[in-house]
Each structure stands twice: as structure tokens, then as C-alpha cells.
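The primary structure of each chain is shown beneath.
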Amino acid sequence: MLLAYPFRVLVPRRTPETATSTAVALLLFAGALGLVPTPVVIALSVGAGATLAGVRLSRLAVSRRVDPAPRTAGVLLDAAVVTAGLTAVALPLGGGWRTVAALVGALLVAALAGAGLCRLPGRTRPTAGVRLRGLVESTGPAVGLALAGWLLLPPVGPPVPVRLVAALALGGLGMAALTAFAGPRRRSPTAVCRGGVLLTVGGLILLAALPSAPTGRVTLLVVPPLVLGLLLVAVGAVDAADAGDTAPAEPVASAWPRSVLPAAVLLLAAAPHLGSGHAPDRTSVVLALAAVPPLVLRELLRGRDAPVSARPAAHRRPAAGPVRHRHAVPPRWLGDLPSTAPVHDPHDQRDSAGPLTRYGAGSTWPAEDAAGWSALSRRPVPAGNGPPGDRAALLDALAAIGDVPAPSGALLLVDLHVTDGIGPTAREDVLAEAVHRVRAVIAFDDVVTGCTGAGFAVVTAAGPVLAYALGTRLLGALAPPYQVAGAVVRAQTSIGLAEVSGDRPADVLRQAELARRRAVQLGRDRVEWYDAFLEEQLVRRLDLERELPGAVARGELDLVYQPVVDLADGQPVGAEALLRWRSPVLGTVLPAELLPVAEDLDLVGELEWWVLDRACRQLSDWSVGVRELWMAVNVTTRELTTPDFVQRAAAVLAAYGVPPERLVVEVSEPKVAGDLSTVVARLAGLRSLGVRTALDDFRAEHASLAQLRRLPIDLLKVGPELVGARPDGQPPLIDVVVNVGERLGVEIVAEELESSTQVEVARRGGCRYGQGFALARPATAERVEAYFEEFPSASR
């Protein structure tokens, strides 16, 4: 249905909201057929949406299970919802004051909702550069949406200035809502709430701009954004208050919805005018021209981010020792690939950080000097060796593509990471063989040139789609093992792709390097395509690397606790301590984003010992009463396998007087295989103290089941993928896991349970304990203690 489908996509498993939106869709259909008067359709539809949203927000406002700030947000958002509902319902009775009343109502709703959004948890504080870039990137599409609104709004009704203001407001609100629903933070409940506010305000402005004739069915267009917006305001606010800072990690957002959808709306709006042969009016021309300055400003910002090389191409040093294709290539397209260029050593951890650890987005890279190119590659470059010439040749090749009237081409930065320890001679052989394989794949006009010490660059005149296909072929060509020095060597390949479409060579090189680094971060053996929002994610990574050192000393770390429940009687038996970084600059950072950065900076040990200390202190506080709950903490295999881990854990327990059996140490199953014998020894040492051990993220695979028999553990934690039915119709794998656990004397904990159905399936499958949003959400120590008090007999 018109409203039910998008609501199910944005916010699944919301039965009352889905039922309300379905009923509203039926009312709209009846109104479009003339069966129900338009004012009645608007009043009933908006009234139903505002009522349901108001009930949800009222419950949030009076709830004692949330912090004061979300309750205040509930009060303000409830007032905004009520104001929006009253404005839309009473507006048909406004007569000549209809437009003014709608605009006043929209402003009041925006003020109340804005104050409420500021008090919701999960908000982030992007840097000024990120905000400026987002504004510049969004202004052009917003002006396009404003032009579409001007063309679509009927010329009859409000005066031309009001119509123009309404079109501009709708363009800005529409682009802001599109960013909320499709931007980098699109999975955040706060973003859903913000998008609902924008839809609601936009609906009120649209209601003010449309004709006021009581029989005008065009006014029905205000119903979808108003009703959907009201429902999303309530759903987003309630979820944000419940989840606190536990929003899921965000993948890189696709840029195409924010670029393609505004363009498609504008084309659809302009098509009827162009088809009828009407000349564009003055306002349409002005709005079309207004989209030009944001494009110019975007190019100026890009120019500031990465200036072109210091000397013109005609004055660059010629490259020596070109790597040639089997056919002749123009000399200025040739690069230098030094025979001594090393391949990544598996023990060289600097590759995980990549060149952007020092040179991030917006930084400048020296054009020709050896020190600048060495900084990019993060490896020493002997005086007079190839990298400076390499970079000059690479920039020449890019400039040759960009100088044609209609530039089209791409740069692929290829990075090799050897997974076996080899000597310098073998590294040279691997690189030489890799270049030979690449030369057999590329086209006649493509160029191979030296790049960083661990790889090379390919410049192609093919378009972006064909360039991506070339990158895929390069992955396939470089994947087979290398026979060098009588040994078999394997290498992983990361390829960053940037399009050459008129941008300056230094811009293209920077963009390809950003994409290459993203490919490394995502696990290698992949091709990553540059886009502007990828750059935003990498800038975020740089901010994390800059702010994380010293976070413990500054007191910025915090713990939340998620209860673990006995599925047989619903009684809580313990809790898991979950780390949060409350950065005053970056907002709340979750472990999924925090720990990879901490690993690269070698800070994991400091963070994990802080977590163990605070968790044991909290457990000691909870031990004052009669309950005997246990506390689970997560440790990495890297920290677990340190020689003194068992002794240090015993010292922490003794310092707070916590019985060892009350502590559960969790280690992730996918990580233990690398050093299984040491992990077994450390877990056995913990059990000898009386500490219980758990295996997290268990996968029901043959190798996992085989090593499970060797691990001295007390608890086995499985995810929902093992609890639910399999796609092939076979019974859930939880039956197999439970049977193995019973034979080994291991109790099963089903985690990430997000629905009552999953809880019931886990209980029937034989899982003793459960953990997840469907049972209890992570919360502060005070709120979890209040939750425990609801179960006075809780004692395990």
C-alpha cells in the first residue's frame, strides 16, 4: 500500500503503525475516487497518525526506565506531534488565514521537534569540514528539488512569493529527509526521528501552498508525508531512548540515492511542461541557475583539498626504466617500477593504517620530492630511486587522459600484501610475476607504473564500469599462488579505483588511495570505488585515531550492561559488560568502530584491563545484596594469550573481593584458531582459579565443532543464525549445538535475540540462557540494578 510498504521498509515489525498506515492508504484511495470528501480524509488520516504517535511519545515521557533527557525529548516531541495534528485537522476551517496558520504551525512544530531531537541519545558531532562538505554536496540537489516543487505546485492559490518560499522550503526539507534516510547515519533511531520531523514539517508547508478548495483532490498529496512523518517521529524517538547508544555500526552509505532521486524527481516534474511546449518562467530559470554556484564551490573545495603538482608536466623529470606493455606506448605515459620495490611483510603492521595515518582527506601531498612520495608509501626510499619519477609518470598519464575534450578513464591503485614471511629476493620475484600477470590482462592503451613500494598503478582510458571490470580481472589474475625460491607464496590484493572525469591528477590519485585504503580495511581481495561519502568515513577513522590515545586517562570510557536471562523462568542470571567511548568530540563510539582502531594503535590491552577493572568493581557493588549474579567481559585472543593474563585477572578479583566464579571471560571463536594451544592453556588457567569461561560468536562448522572439544569452556554463545530455521528447510542448527554442548558439559547462551519468536525457538531448542533486545536492552548500572530488583529471587 502507499504508506504501509515504505513504513515496513524503514521500521519493520511495527504492527500498530503498519495497520494505521494501511488504513490511511485505503482512506486516500477512497478520497481519490471521490467517495470521501478531501477534508474528511485529511482529518481522519492525520488524526489517526497523530493519535498513535502521541500515545507512543506520552509513554516515553512518563517512563521511569529511561534517562531524564529522553523523557524530556518525549515531552517536546509529543507537543510537536499534537501541534502538527491540530494544524492539519483544523486548517480546512481557517478560511483566509489558512496559509498563515499552516506556516505558523510548521514553525512551531519545527521549534518543538528541534529541541526534542537535541535531547535524544545517539547524536554525533561531525567536524566542521564534514558539515561543510555535506552542505555543499546537498545544496545542488536541494535546489533541484525546489525547482521541481515550483513546477509541481499549482499556479492558483497562494501568491507567488509564498509559492516560491514553499518550493524552497520543500526542496531543503526533502533533501535533508533524504540524507536522514539514506545518509551515513541512516540506521540510527535518531536519524529516523529526524527524518520524520522533516517529513511532517514539509507536509504542513505543502498544505499551506496547495489550493484551499474543499473539493480539490490534489490536497490529498499532503497526507503521505504527514502521516508517515508523525509515525516515524514516535518510532525513532522510542527506539533511540530504548537503545541509548547501541545503534548498529554503519556501513559506508551509497551516494546514488542522494544524487539520482532528486534528479529523477526534477525530470518527472519538468516533463509535462516540456511536453506541452510551455516556455520556462523567470523563476524556473533563476532556480536552475542557482544550482551552479554550489557546483563551483564544490570544485573549489576539491582544489583546496589536493593541489596540483608543483611543476607543470613539461618540466617533470622523465621516468627511467619504463614497465612497458607488449605493444609500444607513448613515452610520456610510461612509469618507473623499481626492481627493488618491496612487497608487504605480514609482520609490518603499518599497512593497516596506510598512508592516511599521516595524510588524510584534505591534506596536501608534495608533488615531486622523494620525501613526499615516501610519506605516501610509508616506506624508506633510497635517494635517486624510482618513486618520485613514478609519481611524475603517473600524474603525466592521468593528465593525458584528462586533457582530451571529453575525459573518460580511471586509475586503479593495486596493493599486494604477502601472507607468508619471505626474504627480499623473493619479494622482488613476487612483484615481477605480479607485473607480468597484469600486463597480460590490461588493454593496448593501458599503462602500468610504479606506485607505492608494495604495489603499482594501472591507468586506463576505459569508462568507470569497464574499469571496475578490469579491476575484477586483476584480482583474478593476481590471486593464484606465486612460485618463488622453491616455495609457494600467497598474496592478497587490494585495489582502489577512482574515475578520471576532468578532475586534476592529484585529486584522482588521492581518491584512488582513499579507495585502496578502504579495500584494505574491509579485508583485502576486493575492488573499492571512490565516492565522497567514502572519504567522510575515512576522515572519521582519522578522527578516531587522533582522539583515542589518552581516552582512559581523560575518563572518557564508560560501561553499559546487558542482562542475561534464564529462558526457563525468565529470571536474570548475570550481565555482560559492554564498552562505550563517550568522546566529547566524536560522540558515543561503539566497540565495533572502536576496537579496530585500538588494535592498530596497540591500545587494546589498556582498554580491556580498564573494562575488567570497572566490571569487577560494579560486580562487587552488586554483591552487597543477596543476589549472586555473574558478570561477563570480552577479551581478545591477543590479550588473553599474554603470559601474565591469569595472574593479573586474579589480582583484580582479589582487589574487589569478587568470588572467581562470578566472573565470566568471553573470547571470540573465530579468533582462537590462530593460537589455539595458548588459548587452551590460558582458559584452563582461568578455570583453575574458579573463573568461568565462554566462547562467543560460535559458528556450527566442522572446524568449529572440532576445536570446541579442545577448549575448556563453561558457556557457549550462539547467534540468531543458528536459532532460526535454515533456508533449505532443514531444522535449526541449534539442535546440533545443544547436543554437542550436553556431551561436553557446556551450557548454551542464545544471544542477539530481537523478537519473541526467536526467544521461544531458543527455549524450545534447549538453550538455557538468552540475551538480546527482546529480553533486556543494554543500560547503565543504575537502570540494570532497577531491572534486577523486579526479580527479587534472581540468584544463580
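Nothing here was measured: the structure is a model prediction, and the numbers come from that model.

## Observations concerning the sheet that holds strand 3 (residues 455-460)
- Pairing within the open sheet is mixed, and its five strands lie in the order 2-3-1-6-7. At either margin of the open sheet sits one strand with a lone partner, and together these are strand 2 (447-450) and strand 7 (526-529). Between one strand axis and the next, the sheet turns through 20° on average, direction left out of account.
- In terms of strand pairing, strand 6 (residues 491-500) meets strand 7 through four bridges, oriented parallel. The residue of strand 7 that forms the bridge with L497 is W529.
- Docked against the sheet, helix 18 (residues 505-521) engages strand 1 (409-418), strand 6 and strand 7, running at close to 145° with respect to strand 6.

## Remarks on the packing of aromatic side chains
- Evaluation of the coordinates by the stated rule reveals seven aromatic pairs.
- On the numbers, 5.2 Å between centres and 45° between planes, the contact of W609 with F645 is tilted. Taken together, the residues W609 in helix 21 (residues 604-622) and F645 in helix 23 (residues 645-656) connect sequence positions 36 residues apart.
- What makes W609 buried here is its relative accessible area of 11%.
- Given a relative accessible area of 2%, F645 falls into the buried group.
- Here a set of aromatic residues connected by ring pairs shows up, and it is made of Y561, W622, Y787, F788 and F791.

## Remarks on the pattern of salt bridges
- Taken as a whole and judged by the stated rule, the model has 22 salt bridges.
- In this structure, the salt-bridge partner of E547 is R546, at a minimum N-O distance of 3.2 Å.
- Overall, E547 belongs to the buried group, its relative accessible area being 18%.
- With a shortest N-O distance of 3.7 Å, E751 and K717 are connected by a salt bridge. Pair noted here: E751 is in the loop between strand 15 (747-750) and helix 29 (756-765) and K717 is in strand 14 (residues 715-718), with a separation of 34 residues, a long-range link.
- Look at K717 and you get buried, because its relative accessible area is 3%.
- Taken together, the shared-partner salt bridges connect R517, R541, E545 and D600 into one network.

## Examining helix 17 (residues 464-478)
- With 15 residues, helix 17 ought to run about 21 Å at 1.5 Å a step, and its terminal C-alpha atoms sit 21 Å apart, in line with that.
- Looking at helix 17, one finds that the buried residues are A467, L470, G471, L474, L475, A477 and L478. When helix 17 is viewed along its axis, its buried side chains cluster within an angular range of 165° and face the same direction. Among the exposed residues of helix 17, those oriented more than 90 degrees off its buried face are V465 and L466.
- Tucked into the core, helix 17 has its buried residues touching strand 1, helix 16 (424-439), strand 3, strand 4 (482-484), strand 6 and strand 7.

## Some thoughts on the confidence of the model for the protein
- Considering every residue of the protein, the mean pLDDT works out to 76; 75% of them sit at 70 or more.
- For the stretch residues 1-13, pLDDT sits under 50, and the model shows 32 contacts to residues farther than four places along the chain or on other chains.
- Considering only residues more than four positions removed or in separate chains, one finds that residues 247-253, a stretch of pLDDT under 50, has 23 contacts.

## A look at a nonpolar patch on the surface
- A cluster of nonpolar side chains, contributed by V285, L289, V292 and V296, occupies part of the molecular surface with about 330 Å² of accessible area.
- The exposure class assigned to L289 is exposed, which follows from its relative accessible area of 54%.

## Here's the deal with the nonpolar core
- Of all hydrophobic cores here, the largest spans 77 residues; its most connected members are Y561, W581, L686, L695, F698, L711 and L716.
- Here this core takes 10 residues from helix 21, the largest share from any one element.
- Discounting chain neighbours no more than four positions away, the residues touching W581 are L544, E547, L548, A551, E556, L557, L586, G587, T588, V589 and L594.

Cut-offs applied
Residues numbered from 1 in each chain as written. Predicted model: local features only at pLDDT ≥ 70, side-chain atom pairs only at ≥ 80, totals over all residues. Heavy atoms only, no water. Pairing = 2+ DSSP bridges. Helix = DSSP H or I, 4+ residues; strand = E, 2+ residues; numbered from the N terminus. Axes fitted to C-alpha atoms, helices over the stretch in contact; angles between N-to-C directions. Contact = heavy atoms within 4.5 Å. Phe/Tyr/Trp six-rings, centres within 6.5 Å; stacked < 30°, edge-to-face > 60°. Buried < 20%, exposed > 50% of the residue type's maximum accessible area, 1.4 Å probe, protein only. Salt bridge = Lys/Arg side-chain N within 4 Å of Asp/Glu carboxyl O. Expected span 1.5 Å × (residues − 1). Arc of directions from axis to C-beta. pLDDT = per-residue confidence, 0-100. Patch = residues over 30% accessible without salt bridge, like charges linked within 9 Å, V, L, I, M, F, W, Y side chains within 5 Å. Areas by Shrake-Rupley, 256 points an atom, 1.4 Å probe, with all protein chains shown as cover. Core = buried A, V, L, I, M, F, W, Y, C linked by side-chain atoms within 4.5 Å.

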